[in-house]
Every structure is written in structure tokens, then in C-alpha cells.
Amino acid sequence: MKPTRRDILGAVALGGAAAAVSTRSMAAPAPAPRAWTDPATGRRIVRLSDDGGGNKLYFYRNSFTPQGDLMVMSTPAGIVAVDMKTHALTPLVRDPRADLLFTGRRTRTVYYSVSDPGDGSPTDRPRDIFALDIDTRRSRRIARLAQGQVGSINADETLLVGTVAYGDTPLQPGVPDPRNRRFGQAEYAANGPDGRPLNFARAKGVRMLQRWAARVPMELFVIDIATGQRRVVHKATDWLNHPQFSPTDPGQIIFSHEGPWHRVTRMWRIRTDGSGLAPLHNRTMNMEIWGHEFFAPDGRTVWYDLQTPRGQVFWVAGVELATGRRLWRRVHRNDWSVHFTVSPDGRTFAGDGGDPDMVAHAPDGKWLVLLRPEPVVDGDTEVYDPKLVTPEYLRPLRLVDMRAHDYRLEPNLVFTPDGRRIVFGSNMHGKNHVYMVDIDAVQA
């Protein structure tokens, strides 16, 4: 299904749903401070990465030990652990090729992969999957993949889940290694129908459309950690992405159909034995979009970004897996975020903001915000029908001024295990760094 000129025009007009960036050049980077008080919000912020820089994991990937005393992150030299009390850094893997995957939810284990040397994307090359004990520093190889990538580990640390595509081309054609190593994604570039170069957001829309239309054969698979055996759970020519295990149910997986969000049924669920395949949300209006889904800490609810329609009305929506009950919490345009997350107790949300070129086109959206649920003022909850959507509102509180941040790097915020702080990535001072902001403490 080759994209038509009309398709490309649509992608140009609507590009940048998942990520975008202003085309203006960044100012000369200033030295990154170790700690400061945000003058716009009064919140205390500390830098966790050292002067060489660092990156945190994708927003739904676990990066903390089960006890919450350590967090892992990537650096240009490899993988390090951060003491959450003292902020001291301890090297774990001294190899710049090491790709940090996640930590275990049951054991003090860090999982990472190392791809074989070669051209092209690392996911198209053989790679070894390793497990490292944080306390003993002992590492063991648990599997080898001919190609593909691993996305999540289940609650009892017996299975990994991943995806593989056969015969796909890079999202940015003609580039030996299509990743922009600084921003962790393809450096999208494309020309519009008039032959002129598009900005990053619109170029990404074109490339995402082309990849979706290619209908490349793919597999969703699991790997037995004890034996290294790989087993296919689901085959499709849909673009399979973002596989996640429930944090509490070892047999429950969610995954996405990637592509232009208005063209796909994005969120799906499936069991590790291949049963229970079903969508988690269905479109009710034209140009309704949803995605960037993630589990609640108790595993009962899947939360996601919902727009009805795209770029106009914004919600953090949730669906209970057991009952199908739906809860939609309204978000103002300036509080829409690339990613949302929820606190360990499930009571508070947060968002990492967005560039004006992104899907919300927010005039003042470059803020990290805390979002507290409130009921609709005139809601009569006594007559609410559980089969219908329950609406609520999210009250924002700004925590970090992100106006100097380049959103080609997604902040990928996450609450700390105690729920008192938020960790995020940013290039607001030039290099990529990992920062942490206090939620409650406001400096006088």
C-alpha cells in the first residue's frame, strides 16, 4: 500500500503526533548546574548525571530496584546506578555499546543488550541479552537474538517480551545508522510535495506513514529467561511496537499498532499463550487518536493519551482490564504532554510538556506539570452508569520550566518509588542530563 500524494500532504499537515521539535537553532549551551531552584516554580531541581551527561529509560520502563534505593541510567561510558539518597554514581557496565533495557521488579537485576558490530539499526543485527546483579556486579548472558528488540520483563521475572520486523527499511532511508544518538530516535528528514525540505515534525509524519503502509511482516515474541528459548506469541503485518508486561500479572501483555495514530487501532492486549487478543480502545469519531499507553502500578488499569478529535480535546484516559470501566480525565491544551505518568499510589499524574510544533500546538506547553484529579463540579455520581465513561478533570501545577528544552529528546518523566519526586531527562543546559525535581518542597 504505497502512500499517495494525498497521503503525504495529509502527513505534512498532521505530522508530529508522537514527537516534534522547533526548527529554530538552540542557544549556546550554558554549564549544567548540580542543583538550583526553578525561578518560575520555586521547585528544587538536582542533576543526577555527572558532567559527561546521561539518559534515562523510556517512561514506562522500570529503572528502580524493588527497594527503591537505586536507579539505573545510561551514560556515554555505559550504565551506572544512582543512589537515591546521596546521588552518588556507581558504574555497573563499562561498555558504551551496552543498551540499558530495564530493572527487575522482583530482584535487584539490571537487564541490558549488546548488539554485534555492523551497519544499520542495532535491532537488525544479532544481539545478546544480559542480566547483571546490581550488588555482586556479576553478569550472565540469558539469550541471543538474531534480530529484533526486547521491550519489557514480566512481574515474576520469568519472561521477556519483544518484537521483530522482517524486511523493513530504516525510518530515515539512506542513512547507515538511522538513529540520532543524542536524541535516541531517527533524525527525520523528508521533502514535501513541492520539493522543499520539511521540518522535523512533518518529516516524521511522512516517514511514519511510509513505514506503516509497507505492511512489513512482524512477530511479537517472549523469551524464557531460564532457558533463553524464544516463542512467538503473535504474527501480523501491522507495525507492532511498545510491548509491555503488566507489573503484577506475569501473563498479561499490552502492545501497540504503530503508525499515524488516526489510521490505527493503537492499543491491544494479549496473554503470553497468545489468547485474549483484543483492542483496549475503539474509535468513536473521525480523527480520534490515542496512544503512549502504560500500566497503573497495580496493573488493573491501562492509562493513555486520548484526543477527541486529534489536537482539539485532550484527556488522560484509563480502562480497567477486568471490568472495562472507563475513566477520562480532562487536560488543558497547555498541559498536554509527550508522555504522562502516574504516581506509585495511583492518585496523581504528571506530564512532561510539549513543543509548540507538536500535536497540541500549545502556546505555553513547555512545562513539566503535576496533575491532580478532581471530579466534575456538577457531576451527579449517584446516577453514573459504570458502562459509560466517567469524566473527571486534572488540575495542573507547574514544576519545571522546560522552555529551554529541545523536544527531540523526550523527557520521559517518572515518579520516584516514594512518590515525592519526579525524574526526567533534559537538554535544557546543552548536553543530555538526568534531573530530579521535588514535588512538594517549594523554596522561599
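The coordinates are above.
Predicted, not measured: the structure shown is a model, and the values here were computed from it.

Asker: So what about the sheet that holds strand β14 (residues 218–224)? Which residues, and what values?
Answerer: Within the open sheet, the four strands sit side by side as β10-β11-β14-β15. Their pairing is antiparallel. The open sheet terminates on both sides in strands that have one partner only, identified here as β10 (149–153) and β15 (230–236). Going from strand to strand, the sheet's axes swing by 25° on average, the running direction of each strand aside. Where β10 and strand β11 (residues 159–165) come together, four bridges link them in antiparallel fashion. Each residue of the ladder has a partner; that of V150, found in β11, is G162.

Asker: So what's going on with the environment of Q229? Which residues, and what values?
Answerer: Structurally, Q229 is set in the loop between β14 and β15. Among the residues examined, Q229 registers a relative accessible area of 54% and is labelled exposed. Separated by 70 residues in sequence, Q229 and L159 have C-alpha atoms that sit 9.8 Å apart. Sequence-distant contacts of Q229, that is, excluding residues within four places in its chain, are made with V222, I223 and D224.

Asker: Residues and numbers for the sheet that holds strand β7 (residues 109–115), please.
Answerer: Strand pairing in a sheet is mediated by backbone hydrogen bonds. Such pairs are either parallel or antiparallel. In spatial order, the strands read β6-β7-β8-β9; together these four strands make up an open sheet with antiparallel pairing. Unpaired on one side and paired on the other, β6 (99–103) and β9 (139–145) mark the two borders of the sheet. Neighbour-to-neighbour, the strand axes of the sheet open up by a mean angle of 25°, direction not taken into account. Taken together, the six bridges between strand β8 (residues 127–133) and β9 define a ladder with antiparallel strand orientation. Residue pairing for β9: R127 is matched across the bridge by L145.

Conventions used here
Residues numbered from 1 in each chain as written. Predicted model: local features only at pLDDT ≥ 70, side-chain atom pairs only at ≥ 80, totals over all residues. Heavy atoms only, no water. Pairing = 2+ DSSP bridges. Helix = DSSP H or I, 4+ residues; strand = E, 2+ residues; numbered from the N terminus. Axes fitted to C-alpha atoms, helices over the stretch in contact; angles between N-to-C directions. Buried < 20%, exposed > 50% of the residue type's maximum accessible area, 1.4 Å probe, protein only. Contact = heavy atoms within 4.5 Å.

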